[in-house]
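Structural description and commentary
The primary structure of each chain is shown beneath.
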Amino acid sequence: MQRLLTNSGPIAHLSGVGPLTGEIEDLDKHIWSAGLGILVENGVIKRIAPSNELSSEYTGVEIIDLGGKAIVPGLVDSHTHLLWAGDRSREVSWKQQGFSYREIALKGGGINATVKPTRDSTDEDLRLIGIDRMQEALRNGTTHMEAKSGYGLDTKTELRLLSIGNQLNGIRKLPTLDLTWLGAHSAPPSSNIPDYCEEILSDQLPAVLDQGIARSADVFCEPGWFNVEQSEDILKASRSGGLDLRIHIDEFVDGGGGDLAAELSVTTADHAHYTNPNSRDSMSKAGVNTGFLPGTPYAMGDDYPPFQDCLDNNWAWSFASDFNPNCRTLSLPFLGSVLVQRNDISPIASLAACSRNSAETTPHPSGLKHGMICEGAIANLNIVNSPWWEAWCLQPGHSPFYATMLAGDMIYH
Ligand code: NIG
Ligand code: FE
């Protein structure tokens, strides 16, 4: 099956090897001028060449004339809590009364307030919730997303969440998924962190490994939740079982998670809001990606993490939605607007952070390149509703995309 995109506007292709770091001054390296065509065959980008050249060479294939609209890569959301039920909207008034995230959890809100409705949901409820959220992500240009468990907090429900995630992965015309086990998200209502850690190590993790339903493990390493030693035990046991490692660190305070992330050379250390510069440097030397999650400070009314420090120090970084009951956006373009229009980060650095760089931590199930536009990559790309590629992050509250090509299929928004 061949399909030809003709008359493209500028293409922010971002192709190359490894994450893009530092100031990305030389736009000529990352943007092709208007006038190209893209030939797609069986879901893979086969050729990129001047539009008229491809049109005369490939007659009889389906042609989609883009009329000068710009193209950016399919976006990769490298940190989501996709599957949960319930609604915590009432917590907004507690936030506005000045209660902290921790205090809200102790008042009966927070993660554990999501566990009961999630446990009480049927598999079918959760499947439909997942499909609805994946469609919303796709409307906003996400073509691949990481999806964590973490609202079951018992072996049975954590396994259910991962197994439903696996069922949702690979459905045509929905983003693909990369499954992460986050059993160590909080202690369940009936337990405490030390006892739950034992249960995780003796029962839950072996069951997850046995079923082979997660590619990675994650831990919420933060004072008040899992401390550095507990996180280390869980992550080391996960790695011994063959899982790739991710970690939540320093969301509210510098709790020492950065040094642990560096010591274990985890793939990505996320939030990393209050991490000190020495730990950031150690993380970078150990090849750890910094995964900023700007939706959470947006929802909490907090200030933003130091994106610019990463650019100034050539540290690899990405950003993702952190979609969860406390931060309910699935729109990377909206968060791109937060980086660009509130934090003075350039549109190209912001785009790289949620495409090429996030793809580095979150591989595509096909094994093909993604998060960039080049020959041989999976045909995941977004057609912007503008002749300017920068428009991808300049329409907060709306999808900036006219259409998304997902593994070669055209989805019009
Ligand atoms: O990454 N902080 C830990 N986990 C989620 C929030 C979970 C929740 O509040 O339900 C996060 O922000
Ligand atoms: Fe998270």
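Model, not experiment: these values are computed from the prediction.

1. A look at a negative patch on the surface
- A cluster of acidic side chains, namely Glu23, Glu25, Asp26, Asp28, Asp309 and Asp312, defines a negative patch on the protein surface.
- Tracing the backbone shows Asp312 in helix α12 (residues 307–313).

2. Remarks on the site of ligand 1
- Among the 16 residues in the neighbourhood of ligand 1, the closest are listed as Tyr101, Tyr151, His185, Glu251 and Asp322.
- Tyr101 places a polar side-chain atom, nitrogen or oxygen, 2.6 Å from an oxygen atom of ligand 1.
- His248 places a side-chain nitrogen or oxygen 3.0 Å from an oxygen atom of ligand 1.
- Here ligand 1, which alone exposes 320 Å², has 100% of that area covered by the protein.
- Among the residues forming the shell around ligand 1, the class breakdown is five nonpolar, eight polar and three charged.

3. Description of the domain arrangement of the chain
- Each domain of the chain was delimited in the assignment, giving domain 1 (2–74 + 369–412) and domain 2 (75–361).
- Between the C-alpha centres of domain 1 and domain 2 the distance comes to 29 Å.
- Contacts between the two partners involve 38 residues from domain 1 and, on the opposite side, 38 residues from domain 2.
- Each partner contributes to the roughly 3000 Å² buried at the junction of domain 1 and domain 2, and carbon and sulfur atoms together form 66% of this total.
- Contact with domain 2 buries surface across domain 1, with His370, Trp392 and Leu406 losing the most and accounting together for 20% of the total.

4. With respect to the coordination of the iron ion (ligand 2)
- For the iron ion (ligand 2), the protein coordination sphere consists of His79 (NE2), His81 (NE2), His248 (NE2) and Asp322 (OD), at 2.1 to 2.3 Å.
- Mapped onto the sequence, the residues coordinating the iron ion (ligand 2) show the spacing H-x1-H-x166-H-x73-D. Residue His248 is found in strand β12 (residues 244–249), and its partner Asp322 is found in the loop between β15 (317–319) and α13 (332–343); the two are separated by 74 residues along the sequence. Asp322 shares its class with His248; the two are buried.

5. Things to note about the sheet that holds strand β6 (residues 62–65)
- Strand order across the open sheet formed by four strands is β5-β4-β1-β6, with mixed pairing between neighbours. Edge positions in the sheet fall to β5 (44–50) and β6, since each of these pairs with one other strand and no more. Mean inter-strand twist for the sheet, computed between neighbouring axes without regard to direction, equals 20°.
- For strand β1 (residues 2–6) and β6, the ladder comprises four bridges, and the chain directions are parallel.

6. Section: the sheet that holds β15
- Across the sheet, which stays open at both edges, the eight strands sit in the order β8-β9-β10-β11-β12-β13-β14-β15 with parallel pairing between neighbours. Here the strands that pair on one side only, and so sit at the sheet edges, are β8 (75–77) and β15. Pairwise comparison of adjacent strand axes, ignoring direction, gives a mean angle of 25° for this sheet.
- Relative to strand β13 (residues 268–271), β12 is paired through four bridges, and the arrangement is parallel. Following the sheet pairing, Ile249 is matched in β13 by His271.
- Helix-sheet contacts for helix α8 (residues 228–240) involve β10 (176–184), β11 (216–221) and β12, and the interaxial angle to β11 is about 180°.
- Against the sheet, helix α9 (residues 257–264) makes contact with β11, β12 and β13, and its axis sits at roughly 170° relative to β12, the strand it touches most.

7. A word on the nonpolar core
- Ile111, Leu177, Trp181, Phe226, Ile234 and Ile247 are the most contacted members of the largest nonpolar core, which has 56 residues in total.
- Counting residues per element, this core draws most heavily on helix α7 (residues 193–211), at seven residues.
- Each residue touching Ile111, except ones within four places of it in the same chain, is listed here: Arg88, Tyr101, Gly150, Tyr151, Leu153, His185, Ser186, Phe220 and Trp225.

8. Notes on α13
- With nine of its twelve residues buried, α13 lies for the most part within the structure.
- Note on α13: the residue one or two positions beyond its end, Asp344, has a positive phi of about 60°.

9. Observations regarding unusual backbone geometry
- Non-glycine residue His271 carries a positive phi angle of around 70°.
- Summarising the element assignment, His271 is placed in strand β13.
- Under the relative-accessibility criterion, His271 is labelled buried at 4%.
- At Ala272, a position not held by glycine, the phi torsion is positive, near 45°.
- With respect to the helices and strands, Ala272 occurs in the loop between β13 and α10 (277–285).

Rules behind the numbers
- Residues numbered from 1 in each chain as written.
- Chains lettered and ligands numbered in written order.
- Predicted model: local features only at pLDDT ≥ 70, side-chain atom pairs only at ≥ 80, totals over all residues.
- Heavy atoms only, no water.
- Patch = residues over 30% accessible without salt bridge, like charges linked within 9 Å, V, L, I, M, F, W, Y side chains within 5 Å.
- Areas by Shrake-Rupley, 256 points an atom, 1.4 Å probe, with all protein chains shown as cover.
- Salt bridge = Lys/Arg side-chain N within 4 Å of Asp/Glu carboxyl O.
- Lys, Arg positive; Asp, Glu negative; His and termini not counted.
- Charge placed at Lys NZ, Arg CZ, Asp CG, Glu CD.
- Helix = DSSP H or I, 4+ residues; strand = E, 2+ residues; numbered from the N terminus.
- Near = heavy atom within 4 Å.
- Polar contact = N/O pair within 3.5 Å; in protein donor to acceptor, adjacent residues only side chain to side chain.
- Nonpolar A, V, L, I, M, F, W, Y, C, P; charged D, E, K, R; others polar.
- Domains from an automatic or database assignment.
- Contact = heavy atoms within 4.5 Å.
- Buried area = accessible area lost by both parts, 1.4 Å probe.
- Donors = N, O, S within 2.8 Å, 3.2 Å for Na, K, Ca; no water.
- Buried < 20%, exposed > 50% of the residue type's maximum accessible area, 1.4 Å probe, protein only.
- Pairing = 2+ DSSP bridges.
- Axes fitted to C-alpha atoms, helices over the stretch in contact; angles between N-to-C directions.
- Core = buried A, V, L, I, M, F, W, Y, C linked by side-chain atoms within 4.5 Å.

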